[in-house]
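# What the coordinates show
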Amino acid sequence: MFVSGVFVGGICSILFGFLDQCPDGIVYVVMCFLTRIIEALGCSMFTTASFAIIAGEFPNEVAIVFGLLETFNGFGFMVGPPLGGALYEAAGYKLPFMVMGGFLVLCAVAAFFFLPKPDDQLPHTGSMTRLLSIPSILLSCLTICMAAAALGFLDPTYAGHLDDQFSLTPFWIGMMFLIGPGIYALSAPVLGNLVDKKGWTKSMMCAGCFVTALSYILLGPSPLASFIDTELWIAIVAQIIMGIGIGLALVPTFQDIIEAAKENGLPDNFDTYGLISGLFNSCFSFGAFLGPTAGGYLNGAYGFDWATTVLSFSLVFSGSFFMVYWVCKRCSARVDIYQGTDDERSPLLRENQDITTKYAKETE
C-alpha cells in the first residue's frame, strides 16, 4: 500500500502539470477534480501505511519515531511553498509538478526495494468496530480532531487579522504563519522521546489541550481577557505556545491508541496497526477540514477575537472531558488493587480447615 500510494501520488502530480493543455470549461474543471481526488487517495494510502510500518518496525519507540515523522511533515509544509514558487519562476507552470512528481516516483521505486516485506500470510483479525467501542480511543480521536483543527484554524483568518492589527507585509505574514507549525515540528521528536521513556500519554494530551487553549486566548486576544493588549510580541509568544501545545496533544495519541487497543485484547500485529493508522489519519483529516471551515465562519460572523475564544473553550472542553475519564479510570484501578484478587480475599484458615477435615476422615 505504501509503494502504491507514493507511486499514484507522483503520477498524479506529474499529470496535473499537463492540465493546462486541456480545453477550457467543464473538461478542465472535471480533469482537475479527478486528478486531485486520485492523488488524495494515493496520499491517504501511503500516509496510513507509513504509520502502520512505524508501529510494526519500532514497537518500543513508536512515539519518538512518530515525532520524527511529524518533524519531516512540518518541514515539507514549510519548504513546499517557497520551493514551488522558485521552480515556477524558473521554468513556468509545469516544472514544480514534474519535479515533485518525479521525486515521488523515485521514492516509490526505492521503497519497493528497501522497505521490509510484512508477512501477508497472517490471518486478518482487525475490527474497526471493536476499536471504536473503546472509550479511551474515542477520546483520543477527539483530541486528534481538536489538535488538527487548531493547526488549520488560522489558515483563512490570521492573515487578515495580522494585516488589520499590525500592517505587516506579505513576507512577514508568511513568517508568522511558520512559527506555530515550526515549533511543533521541532518539538515533536523531543515530546515523542518523553512519551516513550515516561509513558505520560494521557497527561500530556490533557495538558496539550489546555496549553493550546491558552495560546488562542492570547492570540485573539479574547474579549474575556481584556487585560491582554493586542501586541505583536504577544502574538509571537502565542504562536510558540500553540506549537508546543499541539505537540503535547498530538504526538502521544498514536501510542495511546495502540496501548488502549492492546489492553482491550486487540492483537499486536499489522492489522491492528493499519486500523489505528487509518483511524488517526481520518480524525486528523476531519479536524484539518473542520478547523478552517469553522474558523472562517466564526471570523466572518463574530470577529477574530471571538472566533479564537470559541476554539479555546472547545479545547478546554476536550481536555477536561479526557481528564475526567482518565482520573476516573485511575481511581477505578486503585479500587481494584485495594480489593485484591479472589485468592487474596479468601479466608487464610480455609486451606488448613480443609486439610484437618480430610485428615480426620482418613483416621476414622
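Residues numbered from 1 in each chain as written. Predicted model: local features only at pLDDT ≥ 70, side-chain atom pairs only at ≥ 80, totals over all residues. Heavy atoms only, no water.

## Looking at unusual backbone geometry
With omega at -20°, the peptide bond leading from Gly-220 into Pro-221 counts as cis. Here Pro-221 is to be found in the loop between helix 9 (201-219) and helix 10 (232-263). One non-glycine residue, Ser-167, lies in the positive phi region at around 55°. In this fold, Ser-167 is placed in the loop between helix 7 (158-166) and helix 8 (170-198). Relative accessible area serves as the criterion here: at 57%, Ser-167 is assigned to the exposed category. (Helix = DSSP H or I, 4+ residues; strand = E, 2+ residues; numbered from the N terminus. Buried < 20%, exposed > 50% of the residue type's maximum accessible area, 1.4 Å probe, protein only.)

## Some points on the packing of helix 1 (residues 2-16) against helix 2 (residues 26-57)
In contact at an axis separation of 7 Å, helix 1 and helix 2 are set at 150° when each is read in the N-to-C sense. Relative to helix 2, helix 1 is oriented roughly antiparallel. Of the two elements, helix 1 crosses helix 2, and the hand of that crossing is left-handed. On helix 2, the residues touching Phe-2, Ser-4, Gly-5, Val-6, Val-8, Gly-9, Cys-12, Ser-13, Leu-15 and Phe-16 of helix 1 are Cys-32, Thr-35, Arg-36, Ile-38, Glu-39, Gly-42, Cys-43, Met-45, Phe-46, Ala-49, Ser-50 and Ile-53. (Axes fitted to C-alpha atoms, helices over the stretch in contact; angles between N-to-C directions. Parallel < 35°, antiparallel > 145°, perpendicular 65-115°, else oblique. Left-handed = near helix turned anticlockwise from the far one by under 90°. Contact = heavy atoms within 4.5 Å.)

## A look at the packing of aromatic side chains
Enumeration according to the criterion identifies 10 aromatic pairs in this entry. With a centroid separation of 5.7 Å and 85° between ring planes, the pair formed by Phe-153 and Tyr-216 is classed as edge-to-face. A residue pair is termed long-range when its members are at least 10 positions apart, and Phe-153 in the loop between helix 6 (135-152) and helix 7 and Tyr-216 in helix 9 qualify at 63 residues. For Phe-153, a relative accessible area of 2% puts it in the buried group. Note on Tyr-216: relative accessible area 0%, which makes it buried. Consider the rings of Phe-317 and Phe-321, whose centres lie 5.8 Å apart with planes at 15°: the pair is stacked. Pair noted here: Phe-317 and Phe-321 are both in helix 12 (residues 304-339), with a separation of 4 residues, about one helical turn. According to the relative accessible area criterion, Phe-317 is exposed, its value standing at 54%. Exposure remark for Phe-321: the relative accessible area of 46% places this residue in the partly exposed category. Feature note: the residues Phe-16, Tyr-93 and Phe-97 constitute an aromatic cluster, connected by ring pairs. (Phe/Tyr/Trp six-rings, centres within 6.5 Å; stacked < 30°, edge-to-face > 60°.)

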